[in-house]
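# Observations on the three-dimensional arrangement
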Amino acid sequence: MSSFIKTIAFNNPRKLISNVFIRTFTKAELPQFETLAVSVPKKHVYHVELNRPKKSNSFTRTMWQEINNCFTTLSLIPECRVIVLSGQGKHFCGGIELQSLVQLAAEADELEDVARKARYHYNFIKYAQETITSLEDCVKPVIAVTHNACIGAGVNLITAADMRYCTEDCWFSVREVDVGLAPDVGTLQRFPKVVGNASVARELCFTGRNFDAKEAKEIGLVSEVFPDKDTALTKVLEIAENIASKSPVAVQTTKINLVYSQSRPNKDGLEHVRLLNSVMNQGEDLTKAAIAQATKSPIPEFDNV
Ligand SMILES: CCC/C=C/C=C/C(=O)SCCNC(=O)CCNC(=O)[C@H](O)C(C)(C)COP(=O)(O)OP(=O)(O)OC[C@H]1O[C@@H](n2cnc3c(N)ncnc32)[C@H](O)[C@@H]1OP(=O)(O)O
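No experiment lies behind these values; they were computed from the predicted model shown.

## Remarks on the overall build of the protein chain
Helix and strand content of the protein chain: 12 helices and 9 strands. Expressed as lengths along the three principal axes of its C-alpha atoms, the size of the protein chain is roughly 65 × 50 × 40 Å. Counting only residues that meet the buried cut, the protein chain has 37% of its 305 residues in that class. The contacts of the protein chain with a sequence gap of at least 6 include a subset with a gap of at least 24, amounting to 72%.

Written out as structure tokens, the structure reads:
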């Protein structure tokens, strides 16, 4: 791949014409990041690991930027069909890097005028929001696997994922109130919808109290709790591999419509999927998959999309 295309793909993927990605990426060409590790443990399954283990995978400015870059890029790589997200080291995520939060406030404070200070904060919040939303905007299903601490920004991140699993030792905290701010990058919007219980969601957001894996399962934050991280990753990679074996057109259209429908009336969601499928049902996947079902044949191979 030419260095020009690589530069566009990994530094500014939104500008990429997706035709460029018809070819397969070799291992050496996988996106490289300072704060993330990307690998391909199974066919079509990409594994993204938060990779600041010595600092509990706390979010630095670089990490905000790289997560956005990574998910936007993986969304464009046809070879990638499912993404598993986990964290290296002792904890899944210790939240935002506290020094960077203090630094942000200090930088805004250097500006004299209140409107300029406000704009400074606004711009950073928007930037951070876009990072979390990049998981939702990614058309490939994202499956989060959390272990030990999952705090603040970590909760924002996983609630933008499509599915969540955790280990028995995992605990969670919507910690923002304890650092003096309202959660502003997605938890207030997504967490109550994920858990489906406004009273519980509000209590956890107002108090910031820690809750464990058992409670996370009870309230519906995670689908399943596994004894340890190795088991969790093994099982989740199997789930990911199963999803990756299915029609990528069907799976990705399903995600696109689920995301679209989550904050809209049924009527709008139905119209959206009607329009999507009136195009996508003309592709080869429908006939291939339907014939395989009808003849009780194994799942056929599907082309990347
Ligand atoms: C516009 C902004 C939008 C985003 C907002 C987001 C808000 C939030 O995320 S609020 C939550 C902020 N996070 C915290 O309050 C957590 C603070 N950390 C902890 O509670 C503990 O460190 C933790 C439970 C994560 C781990 O505890 P443990 O005893 O296992 O290890 P430690 O020795 O405490 O930590 C290991 C090293 O990690 C560094 N670290 C952990 N979390 C952070 C963090 N949030 N920011 C910066 N550094 C963090 C910790 O300092 C240790 O490093 P070192 O001292 O160099 O050994």
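## Description of the site of the ligand
By nearness alone, 22 residues border the ligand, and S56, S58, G94, G95 and G152 come closest of all. Broken down by secondary-structure element, the contributors of at least two residues to the shell around the ligand are helix 4 (114–137) and strand 5 (149–151). Here the shell around the ligand gets 3 residues from one element, more than from any other, and that element is helix 4. By residue class, the composition of the shell around the ligand is 10 nonpolar, 6 polar and 6 charged.

## A closer look at the sheet that holds strand 3 (residues 82–87)
Reading across the sheet, the 6 strands line up as 1-2-3-4-6-9 and stay open at both edges, with mixed pairing between neighbours. Of all the strands in the sheet, just strand 1 (36–42) and strand 9 (224–226) have a single pairing partner and so form its edges. Neighbour to neighbour, the strand axes of the sheet diverge by 25° on average, direction disregarded. The sheet contact formed by strand 3 and strand 4 (residues 142–146) spans 3 bridges and is parallel. Within strand 4, the residue paired with V84 across the bridge is I143. Across the sheet, helix 2 (residues 61–76) is in contact with strand 1, strand 2 (45–50) and strand 3; its angle to strand 1 comes to roughly 30°. Helix-sheet contacts for helix 9 (residues 229–244) involve strand 1, strand 2, strand 3, strand 4, strand 6 (163–167) and strand 9, and the interaxial angle to strand 3 is about 165°.

## Here's the deal with the sheet that holds strand 7 (residues 171–173)
Reading across from one edge, 5-7-8 is the order of the 3 strands in this open sheet, with mixed pairing throughout. Single-partner strands in this sheet number two, and they are strand 5 and strand 8 (211–212). As judged from the 3 bridges shared by strand 5 and strand 7, these two strands associate in the parallel manner. From the neighbouring strand, C150 faces strand 7, where its bridge partner is F172.

## What about the confidence of the model for the protein chain?
Chain-level statistics for the protein chain give a pLDDT mean of 93 and a share of 91% at 70 or above. Across residues 1–10 the pLDDT falls below 50, and counting only partners more than four positions away or on other chains, this stretch makes 10 contacts in the model. Low pLDDT, under 50, characterises residues 13–23; the stretch is placed with 15 contacts to residues that sit more than four places away or in other chains. Here the complex is predicted with pTM 0.93, and the ipTM for its interfaces comes to 0.99.

## Re the packing of helix 10 (residues 248–261) against helix 11 (residues 266–280)
Interaxial distance between helix 10 and helix 11 falls to 9 Å at its minimum, and their mutual angle equals 160°. With respect to their mutual orientation, helix 10 and helix 11 come out roughly antiparallel. Between helix 10 and helix 11 lies a crossing whose hand is right-handed. Across the interface between the two elements, V249, T253, I256, N257, Y260 and S261 of helix 10 pack against G269, H272, V273, L276, N277 and M280 of helix 11.

Definitions and limits used
- Within each chain, residue numbers correspond to sequence positions counted from 1 in written order.
- The predicted origin of the model limits local features to residues at a pLDDT of at least 70 and limits the giving and counting of side-chain atom pairs to 80 or more, whereas totals for whole chains, interfaces and linings rest on all residues.
- Elements are defined by DSSP. Helices are runs of H or I of four residues or more, strands are runs of E of two residues or more, and each kind is numbered from the N terminus.
- Burial in this document is a count-based property: other C-beta atoms within 10 Å of a residue's C-beta are tallied, and the residue is buried at 20 or more, exposed at 12 or fewer, or partly exposed in between, with C-beta positions derived from the backbone.
- We call two residues in contact if the C-beta atoms placed from their backbones are at most 7 Å apart.
- All residues are tested the same way: a C-beta atom is placed from the backbone, and lying within 6 Å of a molecule or strand makes the residue near it.
- Amino acid classes used here: Ala, Val, Leu, Ile, Met, Phe, Trp, Tyr, Cys and Pro are nonpolar; Asp, Glu, Lys and Arg are charged; the rest, including Gly, are polar.
- Should DSSP find at least two bridges between two strands, the strands are regarded as paired.
- Inter-axis angles, ranging from 0 to 180 degrees, are taken between N-to-C directions of lines fitted to C-alpha atoms, where helices are fitted over the stretch in contact.
- Every residue gets a pLDDT, meaning the predictor's confidence in that residue, from 0 to 100.
- Relative orientations are named as follows: roughly parallel for angles under 35 degrees, roughly antiparallel for angles over 145 degrees, roughly perpendicular for angles from 65 to 115 degrees, and oblique for any other angle.
- The crossing is said to be left-handed when, going from far helix to near helix, the turn is anticlockwise and less than a right angle, and right-handed when the turn is clockwise.

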